[in-house]
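Here's the letter readout for the chains.
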Amino acid sequence: MSNKLHIVSLGCNKNLVDTEVMLGRLKEYEMTDDSSEADVIIVNTCGFIDAAKEESINTVLNLHDGRKDDSMLVMAGCMSERYSEELSKELTEVDIFTGVGDYANIDKLLAERESRFSEQVYLIDGEERVVTGSTYHAYIKISEGCNQTCSFCAIPSFKGKLNSRDLDSIAKEVESLVAKGYYDFSFISQDSSSFLRDQNVKDGLIHLIKRIELIDGVKSARILYLYPSTTSMKLLQEIAKSKLFHNYFDMPIQHINDDMLRMMKRGFGKEKTLEQLNYMRSLPNSFVRTTFIVGHPGETQEMFDELCDFVKAFGFDRANVFGYSDEEGTPAYTAEEKLSQELIDERAEILGEICKGSEMASLQAEIGKEIELVIDGESDEHEFLLSARKTIWAPEIDGEIYVNDKSIDEEFEFGVIYKAKVTDIVGTILTATVTGRA
Ligand code: SF4
């Protein structure tokens, strides 16, 4: 039997790590981009908000339409976990359903053509995975689940309580990836700054930073998904002190108005949030990224205006805006004072434009600067352009740089760090001239 596998990973980079674990279990399969010739099709779904759920369903149905007769269609991940009963009944196109507990068992589920929803949420711990998308960068998942109770969020209902990996397990994984040539790492989870709190360790990330700094071969690192009320000044100072961890701060704050932050059950108010953000901003070469939710039940025009004024003034490097999604099982779902979808969309558009302006200002401030970047490969846009990323930026989400010139003789090597001068901006993409090896 030829074994061709087509896999789609939807949603976040945490989901991607789980997809890579499945690939590690299915190494005997030949990968194919053409789902119509695949013997096995796997969709690792996202079930966070309406838009993600819609994309998950559409992806499964589209792949079903084009699949070959005797192939197997697997629906895995958060959407499948969250709606296992309904989907198992209604989505008859799917052969195997599994949730967020059986990624490391995927080979057995396929062999036994069995759907399975194990109780325990899966967390990688030594299983070999196939890192996708890069030859030098890898995401490292440090915990699963979340103990926070944000009013709008359903994730704890299907990902469970915070479950942190041991430092040894994480260090071993990083060491094994360094041995394969990886040197740039993004540490991720639902709530990274709560790392090890389930093991009664405060500031677990400080222990993580110190441990990773001991590993030869790690050249660059960043932490994503800090949570305001579990992010201490001590942690921010440790990041600032680190030679390895960039002054990269990804902290979704969701809003800035005190009453709204209280309604969102975010645990931290405006004053403390500003203290953290201003400290981040004050650091050399700092990069501050965040996320906002607009249109949450109870959001008044004044609260929204306050948020817009704050974002205009602060100058985030990158910021995502989500319109509130009414998720059953969350505290906000039973709230009064819900806003119309039209008003939610309108506010998301207004704040989205403001955030684009901040991003543009952040990019323009780079012009003329000497930076460090990594060339990922040829650009999809133009054969004479190479696609690169500033080493502090996280892959895929913070942007691209076109390398269109060099003042060195040597041929370019992909996946290595170069020094470069930022020369210009084309739309939202910087251009740069490489000036030497870092
Ligand atoms: S921190 Fe809040 S938004 Fe993030 S996963 Fe936990 S409950 Fe959801």
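Residues numbered from 1 in each chain as written. Predicted model: local features only at pLDDT ≥ 70, side-chain atom pairs only at ≥ 80, totals over all residues. Heavy atoms only, no water.

Undergrad: Sorry, what's going on with the state of the cysteines here?
TA: Working definition: the covalent bond between the sulfur atoms of two cysteines is a disulfide. This structure, assessed with the given rule, holds zero disulfides. C308 supplies the cysteine sulfur nearest to C355, a cysteine that is in no disulfide, at a spacing of 8.5 Å. (Disulfide = S-S within 2.5 Å.)

Undergrad: What is the right way to look at the pattern of salt bridges in this model?
TA: Think of it this way: side chains of opposite charge can pair up when their charged atoms draw near. Summed over the entire model, instances satisfying the criterion amount to 38 salt bridges. For E328, the salt bridge goes to R82, with nearest N and O atoms at 3.7 Å. Of the two residues, E328 is situated in the loop between β13 (318-323) and α13 (341-364) and R82 in helix α3 (residues 78-82); the sequence distance between them amounts to 246 residues. Judged by relative accessible area, E328 falls into the partly exposed class, the value being 32%. The salt bridge partner of R389 is D184, with a shortest N-O separation of 2.9 Å. Linking R389 in strand β15 (residues 386-390) with D184 in strand β9 (residues 184-188), this pair joins segments that are 205 residues apart in sequence. Summarising the burial analysis for this pair, R389 and D184 share the class buried. Each of D50, K53, R82, E327 and E328 takes part in salt bridges that share partners, so that together they form one network. (Salt bridge = Lys/Arg side-chain N within 4 Å of Asp/Glu carboxyl O. Helix = DSSP H or I, 4+ residues; strand = E, 2+ residues; numbered from the N terminus. Buried < 20%, exposed > 50% of the residue type's maximum accessible area, 1.4 Å probe, protein only.)

Undergrad: Just to check I follow, could you spell out a negative patch on the surface for this structure?
TA: A cluster of acidic residues, E342, D345, E346 and E349, forms a negative patch on the protein surface. Its place among the elements puts E349 in helix α13. E349 gets classed as exposed once you look at its relative accessible area, which sits at 59%. (Patch = residues over 30% accessible without salt bridge, like charges linked within 9 Å, V, L, I, M, F, W, Y side chains within 5 Å. Areas by Shrake-Rupley, 256 points an atom, 1.4 Å probe, with all protein chains shown as cover. Lys, Arg positive; Asp, Glu negative; His and termini not counted. Charge placed at Lys NZ, Arg CZ, Asp CG, Glu CD.)

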